[in-house]
Amino acid sequence: MISIAIDGPAGAGKSTLAKALASQLGYIYIDTGAMYRTVALWYIRHGIDTKDKDAMLPHLDNIAIDVKNIDGVQHMFMDGEDVNGFIRTPEVSMGASNVAVVPEIRLKLVEIQRQLASRNNVIMDGRDIGTYVLPNAELKIFLSATPEARAKRRFLENETKGIFTPYEEVLTDMIARDKQDSERSFAPLKAADDAVMLDNTTMSVEDTIVFIKGLLEKI
Ligand code: DC
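The text that follows walks through the structure, step by step, so that each part is easy to find. From a predicted model like this one, the values you see are computed outputs, not experimental measurements. (Residues numbered from 1 in each chain as written. Predicted model: local features only at pLDDT ≥ 70, side-chain atom pairs only at ≥ 80, totals over all residues. Heavy atoms only, no water.)

Observations regarding the sheet that holds strand β8 (residues 196-199)
Heads up, the condition is: Pairing between two strands requires that DSSP report at least two bridges joining them. Numbering of helices and strands runs from the N terminus; a helix is a DSSP stretch of H or I covering at least four residues, while a strand is a stretch of E covering at least two. Every angle, taken between N-to-C directions, lies between 0 and 180 degrees, and every axis is a line fitted to C-alpha atoms, over only the stretch in contact when it is a helix. Pairs of residues are marked as contacts when any of their non-hydrogen atoms sit within 4.5 Å.
With respect to topology, five strands assemble into an open sheet ordered β2-β6-β1-β7-β8, the strand pairing being parallel. On the outer flanks of this sheet lie β2 (28-31) and β8, each paired with one strand and no other. Strand-to-strand twist in this sheet, taken as the mean axis angle between neighbours without regard to direction, amounts to 20 degrees. Judged from the four bridges that link them, β2 and strand β6 (residues 122-126) form a sheet pairing that is parallel. The residue of β6 that forms the bridge with Ile30 is Met124. Across the sheet, helix α9 (residues 205-217) is in contact with β1 (3-7), β7 (139-144) and β8; its angle to β7 comes to roughly 155 degrees.

Some points on the pattern of salt bridges
Operational definition: Criterion for a salt bridge: a side-chain nitrogen of Lys or Arg within 4 Å of a carboxyl oxygen of Asp or Glu. Accessibility here uses a 1.4 Å probe with only protein chains present; expressed as a share of the type maximum, an area under 20% marks a residue as buried, one over 50% as exposed, and anything in between as partly exposed.
A complete count under the given rule lists 11 salt bridges for this structure. Across the pair Arg106 and Asp128 runs a salt bridge, and its minimum N-O distance is 2.9 Å. Of this pair, Arg106 sits in helix α5 (residues 103-119) while Asp128 sits in the loop between β6 and α6 (129-133), placing them 22 residues apart in sequence. Taking relative accessible area as the criterion, Arg106 reaches 2% and is therefore assigned buried. For Asp128, a relative accessible area of 2% translates into the label buried. Each of Arg127, Asp181 and Arg184 takes part in salt bridges that share partners, so that together they form one network.

Regarding the site of the ligand
Formally: One heavy atom within 4 Å of a molecule or strand makes the whole residue count as near it. In protein, a polar contact means a hydrogen-donor-capable atom and an acceptor-capable atom, both N or O and within 3.5 Å, with residues adjacent in sequence counting only if both atoms are side-chain atoms; elsewhere, any N or O pair within 3.5 Å suffices. Calculation of accessible area relied on Shrake-Rupley with a 1.4 Å probe; when residues are assessed, cover is drawn exclusively from the protein chains displayed. Classification used: nonpolar for Ala, Val, Leu, Ile, Met, Phe, Trp, Tyr, Cys and Pro, charged for Asp, Glu, Lys and Arg, polar for all others including Gly.
The environment of the ligand is made up of 16 residues, and the closest members are Arg37, Arg106, Asp128, Arg177 and Asp181. Here Asp181 contributes a side-chain N or O atom positioned 2.7 Å from an oxygen atom of the ligand. Contacts to the ligand include Arg184, whose side-chain N or O atom sits 2.8 Å from an oxygen atom. Protein contacts shield 97% of the accessible area of the ligand, which totals 440 Å² for the unbound molecule. Mapped by element, the contributors of at least two residues to the shell around the ligand are α2 (32-45), α4 (90-99) and α8 (167-183). At four residues, α2 tops the list of elements feeding residues into the shell around the ligand. For the shell around the ligand, the residue count by class is four nonpolar, four polar and eight charged.

Some remarks on the packing of α2 against α5
This is how it is decided: Orientation labels follow simple angle bins: below 35 degrees gives roughly parallel, above 145 gives roughly antiparallel, 65 to 115 gives roughly perpendicular, and whatever is left gives oblique. The handedness criterion is simple: a crossing whose near helix is rotated anticlockwise from the far helix by less than a right angle is left-handed, and one whose near helix is rotated clockwise is right-handed.
Direction vectors running N to C along α2 and α5 enclose 140 degrees, while the axes themselves pass 10 Å from each other. Judged by the angle between their axes, α2 and α5 are oblique. Handedness of the crossing formed by α2 with α5: right-handed. Judged by residue contacts, Thr32, Met35, Tyr36, Val39 and Tyr43 of α2 engage Ile105, Arg106, Leu109, Val110, Gln113 and Leu116 from α5.

Overview of helix α7 (residues 147-160)
We apply this condition: In this scheme, a helix's expected span is set at 1.5 Å multiplied by one less than its residue total.
The terminal C-alpha atoms of α7 lie 20 Å apart, and with 14 residues this matches the ideal 20 Å at 1.5 Å per residue to within 8%. In this fold, the buried residues of α7 make contact with α2 and α8. The positive-phi residue at the C-terminal boundary of α7 is Gly162, with phi of around 80 degrees.

Details of the packing of aromatic side chains
To keep things clear, this is the line we draw: Each Phe, Tyr or Trp ring (for Trp, its six-membered ring) is paired with any other whose centre lies within 6.5 Å, and the angle between the two planes then decides the class: stacked below 30 degrees, edge-to-face above 60, tilted in between. Any Lys NZ or Arg CZ that is within 6 Å of a ring centre and within 35 degrees of that ring's normal is treated as a charge sitting over the ring.
The full count for this structure, using the stated rule, is three aromatic pairs. The interplanar angle of 65 degrees and the centroid separation of 5.3 Å between the aromatic rings of Tyr132 and Phe186 together place this pair among those described as edge-to-face. Of this pair, Tyr132 sits in helix α6 while Phe186 sits in the loop between α8 and β8, placing them 54 residues apart in sequence. Accessibility expressed as a relative area gives 25% for Tyr132, which makes it partly exposed. The exposure class assigned to Phe186 is partly exposed, which follows from its relative accessible area of 23%. The ring of Phe77 carries the charged tip of Lys68 above its face, separated from the ring centre by 4.4 Å. The residue whose ring lies beneath Arg114 is Tyr132, and the NZ or CZ to ring-centre distance is 5.1 Å.

So, the packing of α7 against α8
One way to put it is that α7 packs onto α8 with a least axis distance of 9 Å and a crossing angle of 120 degrees. Judged on the interaxial angle alone, α8 and α7 are oblique. Helix-helix and strand crossings are classified by hand; for α7 and α8 the assignment is right-handed. Within the contact between the two elements, α7 uses Pro147, Glu148, Arg150, Ala151, Lys152, Arg154, Phe155 and Asn158 and α8 uses Tyr167, Val170, Leu171, Met174, Ile175, Arg177 and Asp178.

By themselves, these are just geometric observations and shouldn't be taken as functional.
Structure representation (structure tokens):
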């Protein structure tokens, strides 16, 4: 099986790129952030503070997380419910970054991620894919762009989903999330030593795809 890891901060364009590449290559796209978001949603719905590890951990085994690929789209199921429509709010974004600090929660999700990669050719995006989840991935990309460019993209993407958070708030939340994701001690957001670093601030999605396909021809 072949694995491609795409890591980077929030709003770097990882999912747009990974989805396009997966459909062109016939690989399965796996969005690991959606898994952290689903766990966060569970705690939020049950009134449990996503910063309170001691309150969260006793429930971890009761959270049934399932990932299904339906017509090429990843759907997250929580206790049997399709929750794709509920995991992109600003509250869940910050909650996901909070729950992602907790090693026990990470290990539960990493197990699912590794299983998916063992059975399929995958393009997996996240924060720790190249460094921790799939250290032997055939190709690792660390995608970044300036915070302003990333916040602008997320702001525009939110608008299409009917989420009207002001740009300044999107930027502030994104910087806070990147800081927490980079500074946690277990599997932080970090480029793997053997990752290809790619700043796509001024690159189109098409240019980025062409560049990565060029790298794939060499593996
Ligand atoms: O990619 P995203 O914005 O949907 O991810 C939401 C949060 O989940 C992100 O702020 C950090 C966490 N996350 C993580 O810690 N490790 C991953 N592999 C993916 C996401």
